[in-house]
Structure formats: C-alpha cells, structure tokens
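The residues making up each chain are set out below.
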Amino acid sequence: MSLHIYLAGMVDPDGPTPVYVQIADIIQQRIEAGELRPNRPIPSELAIQQEFGVARGTARRAVELLRDRGLVFTVPQRGSFVASGSERNAPNSPDGRTLRDDQNEAQ
C-alpha cells in the first residue's frame, strides 16, 4: 500500500481518499519518522478531532485503521499506543486488539 503525502498534517476533504484514511496515513508517517515512539500514546480522538477539524467518528475510524494496519494497540480506559516491532507483526483479533493481548489476559 502506498502512502499519500499530505502537507503539514493537512487533509483534503474534497479529494478521492477518505479523510479518515488521510489522517491514518499522516499518523503512520509520524510513527515511521519516530515522532511517535513505541509504547507511547498516539493523539487522543479529541486531539485528532481538534487538529484536523473532523468529527469524532472520523477520528475513531482513523485509529481503527491504524489498529488494522498493526501500527497501534488500544488499552481500554487508557488510549491507543504505538505498537512495538513485535506487536506490529502480531495478527489482530476482530475487536482490533492484537492476539498477543488476548493471550496475556488468558494467563
């Protein structure tokens, strides 16, 4: 999958790529550039809403897409965090958490 380059975090609401995908691409770029470090939080849904001027559902879909890509994991009541290298390779369960998370809870 190729990433689109968006200028300084700007999204194009009239472009062919859905806004939530554009936001996920921007956050992915920040992760890959090292601006967002493993096991550290990504911006909250509220922060994403404010930065990009989008609705909560759009922010939520962007975070879901990052989970689907294996770049972040979500801890209930805590937020979403950048996945470490090993977590990025772990397959996701249907609820978006890594299977590793499910295995840890079972122990």
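Residues numbered from 1 in each chain as written. Predicted model: local features only at pLDDT ≥ 70, side-chain atom pairs only at ≥ 80, totals over all residues. Heavy atoms only, no water.

A. Representation of the pattern of salt bridges in the model. A complete count under the given rule lists four salt bridges for this structure. Linking Asp25 and Arg69 is a salt bridge whose minimum nitrogen-to-oxygen distance equals 2.8 Å. On the criterion of sequence distance, the pair formed by Asp25 in helix H1 (residues 19-32) and Arg69 in the loop between helix H3 (56-68) and strand S1 (72-75) is long-range, its members being 44 residues apart. Relative accessible area serves as the criterion here: at 2%, Asp25 is assigned to the buried category. The salt bridge involving Glu45 is made with Arg60; its shortest N-O contact spans 3.1 Å. Placement of Glu45 in helix H2 (residues 45-52) and of Arg60 in helix H3 is noted, with a sequence separation of 15 residues between them. In the salt-bridge network here, residues are joined through shared partners; they are Glu45, Arg56 and Arg60. (Salt bridge = Lys/Arg side-chain N within 4 Å of Asp/Glu carboxyl O. Helix = DSSP H or I, 4+ residues; strand = E, 2+ residues; numbered from the N terminus. Buried < 20%, exposed > 50% of the residue type's maximum accessible area, 1.4 Å probe, protein only.)

B. Fine view of the packing of H2 against H3. Contact pair H2 / H3: the axes reach a minimum separation of 9 Å and the direction vectors enclose 115 degrees. Of the possible angle classes, the one that applies to H2 and H3 is roughly perpendicular. Helix-helix and strand crossings are classified by hand; for H2 and H3 the assignment is right-handed. Where H2 approaches H3, its residues Glu45, Ile48 and Gln49 are matched on the opposing element by Arg56, Ala59, Arg60 and Val63. Grouping the constituent residues of the contact of H2 with H3 by class yields three nonpolar, one polar and three charged. (Axes fitted to C-alpha atoms, helices over the stretch in contact; angles between N-to-C directions. Parallel < 35°, antiparallel > 145°, perpendicular 65-115°, else oblique. Left-handed = near helix turned anticlockwise from the far one by under 90°. Contact = heavy atoms within 4.5 Å. Nonpolar A, V, L, I, M, F, W, Y, C, P; charged D, E, K, R; others polar.)

C. Looking closely at the packing of aromatic side chains. Using the criterion set out here, one finds one aromatic pair in the structure. Here Phe73 and Phe81 contribute two aromatic rings whose centre-to-centre distance is 5.8 Å and whose plane-to-plane angle is 25 degrees, an arrangement assigned as stacked. (Phe/Tyr/Trp six-rings, centres within 6.5 Å; stacked < 30°, edge-to-face > 60°.)

D. Expanded view of H3. If you check H3, its first and last C-alpha atoms are 18 Å apart, about what 13 residues at 1.5 Å a residue would give, namely 18 Å. Among the residues making up H3, those that are buried are Ala59, Ala62, Val63, Leu65, Leu66 and Arg67. At its buried positions, H3 is contacted by H1, H2, S1 and strand S2 (79-82). Looking one or two residues beyond H3, the residue adopting positive phi is Gly70, at roughly 80 degrees. (Expected span 1.5 Å × (residues − 1).)

The quantities given are spatial measurements derived from coordinates; they are silent on function.
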